[in-house]
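Coordinate inspection notes
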Amino acid sequence: MGRVRNNRPALDEIDHILLEELARDGRITNNALAAAAGIAPSTCLGRVRALVERGVIRGFHADIDPAALGRSLQAMISVLVHANARPQLAAFGERLAALGEVLNVYFIAGADDYLVHVATADTEALRLFVLEHLSAHPAVARTETILIFEHVRPRTPPTRT
């Protein structure tokens, strides 16, 4: 069996079918998933468990609209960390990820070090988040905040490569 990056075994055709179906409908029943892949339900269950154990499936969750929770203002904030703080990049990213306003943290290549996706109640809450958690942090050299007006989601899961 071939290998992919990070030493995980390569995915076979059945794995791809299972993943595509789960990406399309994360609540699909095991029997329906097995039928879509053309395998027995017990085999299907074992394969899905193996995909979870291998870290291919990172979790099952509800995708909740932040506006439904009173956080209708979303933004992407780029963060540049001071050069002398580079050894603490991982800890800084973990600290950001633990904040309630933060939806996602991306460690990126380019002019900045992080891209942080946040959701807040309003502009004042966003301003306070930037001031208290980013600008005031000694590791942060610069931030740039970009407001999100709309998030257009793809309707179909990504295709296989």
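Just above, that's the structure.
First, a word on what this report is: a plain description of the structure on this page. (Residues numbered from 1 in each chain as written. Predicted model: local features only at pLDDT ≥ 70, side-chain atom pairs only at ≥ 80, totals over all residues. Heavy atoms only, no water.)

**Describing the overall build of the chain**
Along the backbone of the chain there are 5 helices and 4 strands. Moving toward the C terminus, one meets the helices and strands of the chain in the order α-α-α-β-α-β-β-α-β. Taken against the 2.2 N^0.38 rule, which gives 15 Å for 161 residues, the C-alpha radius of gyration of the chain at 20 Å runs more than 25% over that of a compact globule. By its C-alpha atoms, the chain is 55 × 35 × 25 Å across when sized along the principal axes. Here the chain holds 161 residues, and the buried ones make up 31% of them. Here the analysis covers contacts within the chain between residues at least 6 apart in sequence; of these, 62% occur between residues at least 24 apart. Charge-centre separation for the chain: the mean point of 17 positive side chains lies 6 Å from the mean point of 18 negative side chains. (Helix = DSSP H or I, 4+ residues; strand = E, 2+ residues; numbered from the N terminus. Rg over C-alpha atoms; globule rule 2.2 N^0.38 Å. Buried < 20%, exposed > 50% of the residue type's maximum accessible area, 1.4 Å probe, protein only. Contact = heavy atoms within 4.5 Å. Lys, Arg positive; Asp, Glu negative; His and termini not counted. Charge placed at Lys NZ, Arg CZ, Asp CG, Glu CD.)

**Focus on the side chain of Thr120**
Relative to the helices and strands, Thr120 resides in strand S3 (residues 114-120). For Thr120, the side chain forms a polar contact with the main-chain oxygen of Asp122, separated by 3.1 Å. Apart from the residues lying within four places of it in its own chain, the contact partners of Thr120 are Gly70, Arg71, Ser72, Leu73, Glu101, Ala125 and Leu126. (Polar contact = N/O pair within 3.5 Å; in protein donor to acceptor, adjacent residues only side chain to side chain.)

**So, the packing of helix H2 (residues 30-37) against helix H3 (residues 41-53)**
Where H2 contacts H3, the axes come no closer than 8 Å and their chain directions differ by 95°. One finds that H2 runs roughly perpendicular with respect to H3. For the pair H2 and H3, contact is made by Asn30, Asn31, Leu33 and Ala34 and by Pro41, Cys44, Leu45 and Val48, respectively. In terms of residue class, the contact of H2 with H3 is built from 6 nonpolar, 2 polar and no charged. (Axes fitted to C-alpha atoms, helices over the stretch in contact; angles between N-to-C directions. Parallel < 35°, antiparallel > 145°, perpendicular 65-115°, else oblique. Nonpolar A, V, L, I, M, F, W, Y, C, P; charged D, E, K, R; others polar.)

**Quick notes on helix H4 (residues 89-97)**
Within the span of H4, buried status applies to Leu89, Phe92, Gly93 and Leu96. Seen end-on, H4 carries its buried residues on one side only, within an arc spanning 100°. Seen from the buried face of H4, the exposed residues on the opposite side, beyond 90 degrees, are Ala90, Ala91 and Glu94. On its buried side, H4 packs onto strand S1 (73-81), strand S2 (102-107), S3, helix H5 (123-135) and strand S4 (140-148). (Arc of directions from axis to C-beta.)

**Let's talk about the nonpolar core**
Counting residues in each nonpolar core, the largest one holds 20 residues, and the members touching the most others are Ile77 and Val79. Counting residues per element, the ones that place at least two in this core are S1, H4, S3 and H5. In terms of residues, this core owes the most to one element, S1, which gives 5 residues. Listed in part, the 13 residues of the second largest apolar core include Leu18, Leu22, Ile39 and Val48. (Core = buried A, V, L, I, M, F, W, Y, C linked by side-chain atoms within 4.5 Å.)

**Side note on the packing of aromatic side chains**
Per the counting criterion, the structure on display carries 2 aromatic pairs. Ring centres of Phe107 and Tyr114 lie 5.5 Å apart, and the angle between their planes is 50°; this geometry places the pair in the tilted category. Given the relative accessible area of 59%, Phe107 is considered exposed. Looking at Tyr114, the relative accessible area reads 3%, which means it is buried. (Phe/Tyr/Trp six-rings, centres within 6.5 Å; stacked < 30°, edge-to-face > 60°.)

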